[in-house]
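# Close look at the chain arrangement
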Amino acid sequence: QRRVYRTTTHVPLELGQIMDSETFEKSRLYQLDKSTFSFWSGLYSEVEGTMILLCGGIPFLWKLSGQIAGHAGFGPEYEIVQSLVFLLLATLFSAVTGLPWSLYNTFVIEEKHGFNQQTLGFFFKDAVKKFVVTQCILLPVTSLLLYIIKIGGDYFFIYAWLFTLVVSLVLVTIYADYIAPLFDKFIPLPEGELKQQIETMAKSIDFPLTKVYVVEGSKRSSHSNAYFYGFFKNKRIVLFDTLLEDYSALNKEPAEGEGGENEETKSKTKNKKQGCKNEEVLAVLGHELGHWKLGHTVKNIIISQVSYYKLFF
């Protein structure tokens, strides 16, 4: 793939009518930089994991967790408490060692290619918030899982698997409504031609659409995307504001003297208007709805749950 990025310097014939050479070259160079970053970050990850195993990093962290739990009045019999301390230290270590790579990706690669919209302050505030929210979910779920394993007897793997199945389905259900809004602002897509076209397309494949939202992705990046979520007859579609030419904050001039979030996300003025026309938005959304129509979402859930069951077994 990397060789293709390096050698394909002209627009392929199949794309000649829909992509100009300047856009193609920007995309090629971006993917080349991403490929280089992926190689080195992946190599570092492998070396780090190998060194942790060879140097006894996991037993050391377990012992340290026991000492910390002991200082708090929890002896060796409180195995679940020690496990939670271990998990907290492990995720903290992972966050710290991954931070330089995340910074480089955001403020060097993404910045170089004009995608980054974050300031350093916003980046760190976001990282801390993500870490705290993750711990608030991870630690209680893990403590319950360990308790189930302790009392489950010979068939603990069945109970543990059922528990993780329920947790994963609950998280998928509540993520967009309760967790994602902690980080980004979601607003209903205003009435208009685009919303009507989306509803018509959803109806044409019997997609049970209930609401369409626009998420303020432009405060982080000028990348754009769309996705859907929800179970059974309660599906919602989410469009990034950067996907929409009429709603993208990247196309709006900040008001004179306006501070706060606009300054924090350092909204950038581009010569070329950001976002897609309605028919292009529908094409992107059609791809996502195609996953639903072809049952990819359900198939992925089944495959992952079979995998988890075998893992617990």
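Keep in mind it's a predicted model, so treat the numbers as computed, not measured. (Residues numbered from 1 in each chain as written. Predicted model: local features only at pLDDT ≥ 70, side-chain atom pairs only at ≥ 80, totals over all residues. Heavy atoms only, no water.)

This part covers the UniProt feature "domain: CAAX prenyl protease 1 N-terminal" (unreviewed entry) in the protein. Per the UniProt record, the feature "domain: CAAX prenyl protease 1 N-terminal" (unreviewed entry) sits at residues 1-185. Regarding residues 1-185, the helix share stands at 78% and the strand share at 0%, and the terminal C-alpha atoms are separated by 36 Å. (UniProt positions renumbered as here; feature names shortened; annotations may be inferred. Helix = DSSP H or I, 4+ residues; strand = E, 2+ residues; numbered from the N terminus.)

Before going further, it helps to examine helix α5 (residues 120-151). With 32 residues, α5 extends 46 Å between its outermost C-alpha atoms, agreeing within 8% with the 46 Å of an ideal straight helix rising 1.5 Å per residue. Of all the residues in α5, the buried ones are F122, F123, D126, V133, Q135, L139, T142, S143, L145 and I148. Once α5 ends, the next one or two residues include G153, with phi positive near 70°. (Expected span 1.5 Å × (residues − 1). Buried < 20%, exposed > 50% of the residue type's maximum accessible area, 1.4 Å probe, protein only.)

Before going further, it helps to spend a moment on the nonpolar core. L189, I198, I237 and L239 are the most contacted members of the largest nonpolar core, which has 18 residues in total. Broken down by secondary-structure element, the contributors of at least two residues to this core are α7 (193-204), β2 (209-215), β3 (226-229), β4 (235-240) and α9 (278-293). If one sorts the elements of this core by residue count, α9 sits on top with four residues. Apart from residues lying up to four places away in sequence, L239 is in contact with L189, I198, V212, Y213, V214, V215, N225, A226, L244, V281 and L285. (Core = buried A, V, L, I, M, F, W, Y, C linked by side-chain atoms within 4.5 Å. Contact = heavy atoms within 4.5 Å.)

Viewed as axis vectors pointing N to C, helix α3 (residues 57-71) and helix α4 (residues 79-112) meet at an angle of 120°, and their least axial separation amounts to 8 Å. With respect to their mutual orientation, α3 and α4 come out oblique. For the pair α3 and α4, the crossing hand works out as right-handed. Every residue of α4 that contacts α3 at I58, L61, W62, L64, S65, G66, I68 and A69 is listed here: E79, V81, Q82, S83, V85, F86, L89 and A90. Per-class residue counts for the contact of α3 with α4 are 11 nonpolar, four polar and one charged. (Axes fitted to C-alpha atoms, helices over the stretch in contact; angles between N-to-C directions. Parallel < 35°, antiparallel > 145°, perpendicular 65-115°, else oblique. Left-handed = near helix turned anticlockwise from the far one by under 90°. Nonpolar A, V, L, I, M, F, W, Y, C, P; charged D, E, K, R; others polar.)

So, about the pairing of β4. Along β4, five of the six residues are buried, which leaves the element largely enclosed by surrounding structure. Where β2 lies against β4, six bridges are found, and the strand directions are parallel. Among the inter-strand pairings, V212 is bridged to a residue of β4, identified as I237. The sheet contact formed by β3 and β4 spans four bridges and is antiparallel. Bridging across to β4, Y227 finds its partner in V238. Here β3 hands over to β4 after five residues, with G230 in that stretch at a positive phi of 110°. (Pairing = 2+ DSSP bridges.)

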